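# Fold and geometry: a report
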Amino acid sequence: MTEPSRTVEVERKFDVDDATPLPRWDAIPGVDTVTDGESRDLDAQYFDTADGTLSRSGVALRRRTGGPDAGWHIKGPREGDGRLELGWPLGDGEGIPDAVAATVARWTTDPLTPLARIRNDRTAYLLTGPGGVIAEFVDDRVRATDLRQGVERAWREWEMELGPAAPADADGREAFFSAVEAAVRAAGGRDASSGSKLARALGF
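Let us look at the structure shown here.

What follows concerns helix H3 (residues 170–187). End to end, H3 covers 26 Å across 18 residues, agreeing with the expected 26 Å (1.5 Å per residue, within 8%). Those residues of H3 lying buried are Gly 172, Phe 176, Phe 177, Ala 179, Val 180, Ala 183, Val 184 and Ala 187. Down the axis of H3, the buried side of the element spans an arc of 155°, and every buried residue falls inside it. Facing away from the buried side of H3 by over 90 degrees, the exposed positions are Ala 170, Asp 171 and Ala 186. Those residues of H3 that are buried are in contact with strand S2 (11–16), strand S9 (132–146), strand S10 (151–162) and strand S11 (190–191).

Quick look at the structure:
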């Protein structure tokens with residue numbers, strides 16, 4: 001079986017209005033520079049069983065095109081401050097690859113069908129310090145369709161995800177995210193109303 005890539009996502013999400021200006025990152029500890037924004041056109045389709053077994057288990061399965069991590073992804077249940085994300089290449093065709101299905105079998109072997117489509121016009125910025133990338137900040141303008149209910153939703157949100165040079169200790173991470181939250185609120189952002197894009201696409 002093809003071995004997947006493994007990433008632990010530690011991030012914070014925020015809701016913003018269409019016209020909210022980007023935050024200023026001057027006061028973020030350890031950050032020396034912020035890269036110019038990189039535009040990414042992301043298109044993801046999410047899958048689940050008819051009765052939502054994966055969603056109820058805190059698991060998301062998607063096929064996404066666009067961006068540096070295009071492919072199949074399984075996001076596992078939240079553990080502590082993060083979620084383990086497994087990734088596989090897109091492969092040929094749009095059917096669920098055997099390696100992905102074998103991993104999903106940990107939660108279900110029932111048939112999986114499209115649940116939602118999420119298209120995202122993303123602008124990504126890297127916050128860097130002496131040791132490399134501390135975090136990635138993304139400005140997302142999202143258009144989502146609940147494929148089973150036929151409902152469309154649109155919103156804008158921000159995410160800040162820790163990078164390889166982020167603080168390794170809990171106190172350092174807390175100080176980093178506290179500074180991020182202060183900058184976001186100063187710009188007009190607010191706490192996210194939903195824990196994930198998929199949940200929000202489905203009206204949760």
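Counted according to the given criterion, the structure contains five aromatic pairs. Between Trp 25 and Phe 137, the aromatic rings sit 5.0 Å apart at their centres with planes inclined by 65°, giving edge-to-face as the arrangement. A residue pair is termed long-range when its members are at least 10 positions apart, and Trp 25 in the loop between S2 and strand S3 (33–34) and Phe 137 in strand S9 qualify at 112 residues. The residues Trp 25 and Phe 137 share a single accessibility class, namely buried.

Once that is clear, we can look at the environment of Glu 152. Locating Glu 152 in the fold gives a position in strand S10. Residue classification places Glu 152 among the exposed positions, given a relative accessible area of 65%. In this structure, Glu 152 is in contact with Ala 144 and Thr 145, ignoring residues within four places of it in sequence.

Turning next to the pattern of salt bridges. Scanning all chains against the criterion turns up 22 salt bridges. The partner of Arg 40 in a salt bridge is Glu 136, and the shortest N-O contact between them spans 3.2 Å. Highlighted residues: Arg 40 in strand S4 (residues 38–48) and Glu 136 in strand S9, separated in sequence by 96 residues. Accessibility assignment for this pair places Arg 40 and Glu 136 in one class, buried. Beyond isolated ion pairs, a larger network of salt bridges with shared partners links Lys 13, Arg 122, Asp 140, Glu 157, Glu 159 and Lys 197.

Here we come to the nonpolar core. In summary, soluble globular proteins display a tendency toward joint burial of nonpolar side chains. Ranked by internal contacts, the top residues of the largest apolar core, which has 22 residues, are Trp 25, Ile 28, Phe 137, Trp 158, Met 160, Phe 176 and Val 180. Those elements giving two or more residues to this core turn out to be S2, strand S8 (113–129), S9, S10 and H3. Of the residues forming this core, the biggest block, seven residues, is contributed by H3. Contacts of Met 160, omitting those with residues within four sequence positions, involve Val 10, Glu 11, Arg 12, Trp 25, Leu 127, Ala 135, Glu 136, Phe 137, Phe 176, Phe 177 and Val 180. Counting residues in each nonpolar core, the second largest holds twelve residues, with Ala 60, Ala 116, Val 142 and Trp 155 among its members.

About the criteria used
- Residues numbered from 1 in each chain as written.
- Predicted model: local features only at pLDDT ≥ 70, side-chain atom pairs only at ≥ 80, totals over all residues.
- Heavy atoms only, no water.
- Helix = DSSP H or I, 4+ residues; strand = E, 2+ residues; numbered from the N terminus.
- Expected span 1.5 Å × (residues − 1).
- Buried < 20%, exposed > 50% of the residue type's maximum accessible area, 1.4 Å probe, protein only.
- Arc of directions from axis to C-beta.
- Contact = heavy atoms within 4.5 Å.
- Phe/Tyr/Trp six-rings, centres within 6.5 Å; stacked < 30°, edge-to-face > 60°.
- Salt bridge = Lys/Arg side-chain N within 4 Å of Asp/Glu carboxyl O.
- Core = buried A, V, L, I, M, F, W, Y, C linked by side-chain atoms within 4.5 Å.

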